[in-house]
Amino acid sequence: MAPPHATRAAAALLFGCALGALALPAQGRAYALRLTVEGARPKFSLKDTVRLTGRASWSGPRAKLRYLWSSEARPPLPAGADPSAATLVFPREQLVPGASYRLRLDVIAEFNNPDGEPPEQTAQATSEVFFQINTPPRGGGCTLQAKPVGDGQAAVRVEAPGWTDEEQIQYRYVLLRNAAVALMQNWSLRGALVEVVPARPGDRLQAKCQVRDKLGDGAEALSRELARPE
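Below or above, wherever it landed, is the structure these notes cover.

Thresholds applied
- Residues numbered from 1 in each chain as written.
- Predicted model: local features only at pLDDT ≥ 70, side-chain atom pairs only at ≥ 80, totals over all residues.
- Heavy atoms only, no water.
- Helix = DSSP H or I, 4+ residues; strand = E, 2+ residues; numbered from the N terminus.
- Buried < 20%, exposed > 50% of the residue type's maximum accessible area, 1.4 Å probe, protein only.
- Contact = heavy atoms within 4.5 Å.
- Areas by Shrake-Rupley, 256 points an atom, 1.4 Å probe, with all protein chains shown as cover.
- Phe/Tyr/Trp six-rings, centres within 6.5 Å; stacked < 30°, edge-to-face > 60°.
- Disulfide = S-S within 2.5 Å.
- Core = buried A, V, L, I, M, F, W, Y, C linked by side-chain atoms within 4.5 Å.

**Comments concerning the overall build of the protein**
Counting its secondary structure elements, the protein contains zero helices and 18 strands. Counting across all 230 residues of the protein, residues that qualify as buried make up 39%. Taking the intrachain contacts of the protein between residues at least 6 apart in sequence as the baseline, contacts between residues at least 24 apart amount to 61%. Here the protein displays about 12200 Å² of accessible surface, and carbon together with sulfur accounts for 52% of that area.

This is the structure we're talking about:
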């Protein structure tokens, strides 16, 4: 019996590393089309370029393979992408923070089977890819308090309140003294910092609070500017 005109494979889903396979019995011969999607993972940073590549393996007579990417839900495919290419690229500037992507890749093998009716036959394998784009920490601020210490110093308290994220947040604190920049504390888990810094009467002080999550996506905020009392 000749194989059907078109056959589709069900795909196994593994966070974008999906596999589709099918067998076409024809006059004692078995044809097989297998498909994997490489390059996906459950979550991408906003600094990443997402690059997904379909790898099709065909066992059978000489065949022409056609690829077709599509989006199963919003957001759509990236602007300028070629949905018929084996590799689909999402430039980092087109990634939507917090978005969930659901993509589908169909691969069609077009081949000639002299025993078939008609002899021009097709076989199809399908894989689906699911991934998310990270959301950086959000909703927080930066505060600065200062008290004079002697003639040339000030005790300052810098705090980065209100930041939220699905992952653990790291903090980095920078002090601006008369617009000169000095690092107070590199990345740590401390949500507040108390330190004695150089500050003469009349100096203007401002803090910058920088935050980031486990994937390295971050944000920052400035405190209000203070003047050390005379």
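**Remarks on the packing of aromatic side chains**
Scanning the model with the defined rule gives eight aromatic pairs in all. Taking 6.0 Å as the distance between ring centres and 55° as the angle between the ring planes, the aromatic pair formed by Tyr-31 and Trp-58 counts as tilted. Linking Tyr-31 in strand 4 (residues 29-38) with Trp-58 in strand 6 (residues 50-59), this pair joins segments that are 27 residues apart in sequence. The buried category is assigned to Tyr-31, whose relative accessible area is 5%. Linked through ring pairs, Phe-44, Phe-90, Tyr-101 and Phe-131 together constitute an aromatic cluster.

**Some points on the state of the cysteines**
The final tally for this structure, using the stated rule, is one disulfide. Covalently, Cys-142 is tied to Cys-209 through a disulfide, its sulfur atoms 2.1 Å apart. Across the disulfide from Cys-142 to Cys-209, rotation about the S-S bond amounts to roughly 60°, and the bridge is consequently right-handed. In this pair, Cys-142 sits in the loop between strand 10 (120-133) and strand 11 (143-149) while Cys-209 sits in strand 16 (residues 204-212), placing the two residues 67 residues apart along the sequence. Residue Cys-142 is classed as buried on the basis of its relative accessible area of 11%.

**Here we look at the nonpolar core**
Soluble globular proteins tend to bury their nonpolar side chains together. Core analysis: the biggest nonpolar cluster contains 26 residues, and Leu-52, Phe-90 and Phe-131 have the highest contact counts within it. Residue assignment for this core shows that the elements contributing at least two residues are strand 4, strand 6, strand 7 (63-71), strand 8 (87-90), strand 9 (100-112) and strand 10. Broken down by element, the residue count for this core peaks at six residues, all from strand 9. If we ignore the near neighbours within four places in the chain, the residues touching Phe-90 are Thr-49, Val-50, Pro-76, Pro-78, Leu-95, Tyr-101, Leu-103 and Phe-131. Listed in part, the 21 residues of the second largest apolar core include Val-158, Tyr-171, Tyr-173 and Val-197.

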